Amino acid sequence: MPVDTRRVRAPEESQCPLLFVPLLPRGPLRTVAQPEKARVDGRQRSQVDVRPVFARCGLVTQAKGSAYMEAGKTKVLCAVYGPRESERKDDTDMKAGRLVCDFRYAPFSCPKRGTWIQGSEERDAAQALQEALRPGLCLHRYPRAQVEVNVLVLEHDGSVLAHAVTCASMALVDAGVEMYDLVLGCALRQDGDSYLLDPTLAEESGGHATQPEDNQGGVTVALLPSLGQVSGLHADGELRDESVSAAVRACMEGCHRLYPVVRRALVYAARRKAAPPGDADD
Amino acid sequence: MSPMKLCVPGEKLCSAEDCSPGAGTYLRHGQIFASLAGYVLKKSEGEELPVISVIKETEAQLLPDVGAIVTCKVTSINPRFAKVHILYVGSTPLKERFRGTIRKEDVRATEKDKVEIYKSFRPGDIVLAKVVSFSHISLGDVQSNYLLTTAENELGVVVAHSEAGVQMVPISWCEMQCPRTHAKEFRKVARVQPEYLQA
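Here is a short report on the structure shown in this document. (Residues numbered from 1 in each chain as written. Chains lettered and ligands numbered in written order. Predicted model: local features only at pLDDT ≥ 70, side-chain atom pairs only at ≥ 80, totals over all residues. Heavy atoms only, no water.)

### Some remarks on helix α4 (residues 241-273) of chain A
No. 1: Taking 1.5 Å as the rise per residue, α4(A) with 33 residues should run 48 Å; its terminal C-alpha atoms sit 47 Å apart, in good agreement.
No. 2: Its axis deflected by about 30° at A:L258, α4(A) carries its strongest bend there, up to four residues before the proline A:P260. (Helix = DSSP H or I, 4+ residues; strand = E, 2+ residues; numbered from the N terminus. Expected span 1.5 Å × (residues − 1). Bend = angle between axes of the 7 residues up to and from the residue.)

See the structure below:
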C-alpha cells in the first residue's frame, strides 16, 4: 500500500488545547483590575450614549444607491447595485430575489495595514450583514434578480459591523429597493458589570477593561425600529446570560437613538434627488 | 401647492380602512406602511378608497409597449433564435437593459422555415425590431423577456460590422458589403426609409 512519506500525519483523534487550559490573562495591562472610570471620549458607562453620527446618501454616483456614515472616527461607505439579473442561474430562486453582500476593510483602515484580499473575518462580517439585512428587504418583489451590497470600511474605530448594517440599509433605501423597514445596527462591549455602548476600537479589544477576567465580550444587534424586530444578533466573549439580555435591550435603545439621524439623511437625499411631483402628475 | 410629505421605509402612512395600498407601500396588521423613501401621494379614485403610494422618481419608467419599434443589439445567436438587449424605445434611450428574443420564424415574412439565423444576424449587430409580446412577472420586472419580430421590410439590421471590423454598407435586403475588403456578408437588412436617403 503506498505510504505518504512527505507529510507528517496528525494523530487520528485531536482536540483543541484551549479546552484544557484555564482562561489566560490577555496582556500585561489587564491582569490587574482597574478602577472604574469614565470613557476616554467623555461618554458614560452603562448608559445609552452613542457617538454622534454623520450620514449622507448619494456619494457614489456610479452605483444605484450609496451611503456614507461616520460615527466618531469609524467611517463606512456602502454602495448598492441592482436589482439586476442574477448571474448564476443554478440556485436562483424563481419566486424571490437574492441579496449578495460584500464586506471589505480598506488596507489603511486598521492600525496594522491589511491587504485588499478578503480575509476570513471579512467573509464572516459579510455573512452577518447578509443575515441582518435580508429580513428588511421585500425581495419577493424582485424575482430572479439580485441586489449587491458592497461595504467598504475606510477607518476602523470600533463597532464596524453595526455601522455597516446601518449604512447598508441607508444605501438600499437610496437605491430604491423596497424595504419593510430600515435596519439599524448598534454594538456594545460588556466590561464586567458595566457596559460601553458603541465602543471604539480600543474599548472593543478590551484595552479599558476594569474587570479583565469576568464577563468580557461584545454584542451587536441589528434592529428594524418601526416593526420592533431584531434581525441580527452577534455576541462573542464570555458573558453572563442576564448581561446578554440587558445588552440586547441597551443596543435596541441605541438603535432607536440613531433612527432620527438616519431618517433625516434619507429625507434630505430624497428631496434633493427629485422635486415634489405636481398634483396633476400620476 | 401644499408641501408634499416625505417618508422613509417602515413609516406608518395610514390605516387600511382609509386608503388602499399602492406602489411603494405594503400592508401589515391592517396598517399601510411605506416601503420606499419618497413623496407620499394620495389619489382619490372616486367611489373606491383613495390609493396611497410612495413616489421615488417623478419620471415614469419607460417600458416598451406592444407594437413599438425598438432598437436593440444582438448579444448571442443560436440556430433557433437570437437574443438581444433592447437599448432604445423609439428614440428614447432606456435606463435599464431589457432582454428580447427574435425567433427564427419571426425574422422574415416569407420563407420562414428556410431562415438561417447565422445569415440574418450576428452578435454585435444593431437591429430595428417590433415588439410582439412580453412576459412580465410584475410591472418593472428585471427579467422581462420581450418577443420581437423583424418580419417587415423596414425592420432588420441597420448597423453591422464585417469580420474585418469595418462598418458594412447594405447592398440588398439580404446582403451587406464591407467597404475595405469588399467581402459580402449575409444579413437581414432593414430597408432605409426614403426620408433618410440623400439622393
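### Focus: the layout of surface pockets
All names here are of chain A.
No. 1: Of the voids in this model, the second largest pocket is the one considered here, and its volume is about 750 Å³.
No. 2: The wall of the second largest pocket is formed by 33 residues, among which Y105, E121, H156, L161 and E204 lie closest to the centre.
No. 3: Among the secondary structure elements, those contributing two or more residues to the lining of the second largest pocket are β4 (98-105), α1 (120-133), α2 (160-175), β6 (184-191), β8 (216-224) and β9 (229-238).
No. 4: At six residues, α1 tops the list of elements feeding residues into the lining of the second largest pocket.
No. 5: Per-class residue counts for the lining of the second largest pocket are 16 nonpolar, nine polar and eight charged. (1 Å grid on protein atoms, 1.4 Å probe; cavity = no way out; pocket = protein on both sides within 12 Å on 5 of 7 lines; lining within 4 Å. Points joined across faces, edges and corners; volume = space filled by probe spheres on them. Nonpolar A, V, L, I, M, F, W, Y, C, P; charged D, E, K, R; others polar.)

### Description of the packing of aromatic side chains
No. 1: Summed over all chains, the structure comprises five aromatic pairs over all chains.
No. 2: Where A:Y180 meets B:Y26, the ring centres are 4.9 Å apart and the plane angle is 85°; that geometry is what we call edge-to-face. Of this pair, A:Y180 sits in the loop between α2 and β6 while B:Y26 sits in strand β4 (residues 25-28), on two different chains.
No. 3: An aromatic cluster of three or more residues is present, and its members are A:Y180, B:Y26 and B:F33. (Phe/Tyr/Trp six-rings, centres within 6.5 Å; stacked < 30°, edge-to-face > 60°.)

### Details of α1(A)
All names here are of chain A.
No. 1: Across its 14 residues, α1 extends 20 Å between first and last C-alpha, which sits within 8% of the 20 Å expected from 1.5 Å per residue.
No. 2: Taken residue by residue, α1 has E122, A125, A126, A128, L129, A132 and L133 as its buried positions. Down the axis of α1, the sector holding all buried residues measures 165°, keeping them to one side.
No. 3: Against the buried residues of α1 lie β4, β5 (145-155), α2, β8 and β9. (Buried < 20%, exposed > 50% of the residue type's maximum accessible area, 1.4 Å probe, protein only. Arc of directions from axis to C-beta. Contact = heavy atoms within 4.5 Å.)

### Things to note about the pattern of salt bridges
Residue and element names in this part refer to chain A.
No. 1: What the rule picks out here adds up to 20 salt bridges over all chains.
No. 2: Close ionic contact of D191 with R45 constitutes a salt bridge, the shortest N to O distance being 2.9 Å. With D191 in strand β6 and R45 in the segment before β1 (53-57), this residue pair connects regions lying 146 residues apart in the sequence. Summarising the burial analysis for this pair, D191 and R45 share the class buried. (Salt bridge = Lys/Arg side-chain N within 4 Å of Asp/Glu carboxyl O.)

### Focus on the pairing of β4(A)
All names here are of chain A.
No. 1: Burial analysis of β4 places six of its eight residues in the buried class, which makes it a mostly covered element.
No. 2: Note that β4 and β5 share eight bridges and pair parallel. Bridging from a neighbouring strand, C101 pairs with V149 of β5.
No. 3: The handedness of the β4 to β5 crossover, carried by α1, is left-handed. (Pairing = 2+ DSSP bridges. Right-handed = clockwise from strand over helix to strand, strands pointing away.)

### So, empty space enclosed by the protein
Residue and element names in this part refer to chain A.
No. 1: In the structure shown here, the tally under the stated rule is five cavities of 30 Å³ or more.
No. 2: Here the second largest cavity is characterised by a volume of approximately 70 Å³.
No. 3: Counting residues per element, the ones that place at least two in the lining of the second largest cavity are α1, α2, β8 and β9.
No. 4: In the lining of the second largest cavity, the residues fall into eight nonpolar, three polar and no charged.

### Points about the sheet that holds β4(A)
Residues and elements named next belong to chain A.
No. 1: Pairing in this open sheet of five strands is mixed, and the strands run β1-β2-β3-β5-β4 from one edge to the other. Every interior strand has two partners, whereas the edge strands, β1 and β4, have only one. For this sheet the average axis-to-axis angle between neighbouring strands, irrespective of direction, equals 15°.
No. 2: Against the sheet, α1 makes contact with β4 and β5, and its axis sits at roughly 140° relative to β4, the strand it touches most. (Axes fitted to C-alpha atoms, helices over the stretch in contact; angles between N-to-C directions.)

### Examining the nonpolar core
No. 1: The biggest cluster of nonpolar side chains holds 76 residues, and the ones touching the most others in it are A:F103, A:L133, A:V149, A:V151, A:M170 and A:L172.
No. 2: B:A68, B:I117, B:V131 and B:M176 belong to the second largest nonpolar core, which has 27 residues in total. (Core = buried A, V, L, I, M, F, W, Y, C linked by side-chain atoms within 4.5 Å.)

### Notes on the pairing of strand β12 (residues 145-149) of chain B
Residues and elements named next belong to chain B.
No. 1: Of the strand pairs in this sheet, strand β10 (residues 92-103) and β12 are connected by four bridges, and their pairing is parallel. Considered in β12, the bridge of I102 is made with L148.
No. 2: Relative to β12, strand β11 (residues 126-135) runs antiparallel, the two sharing five bridges. Counted as the bridge partner of V131 is L148 from β12.

Structural measurements only, silent on function.
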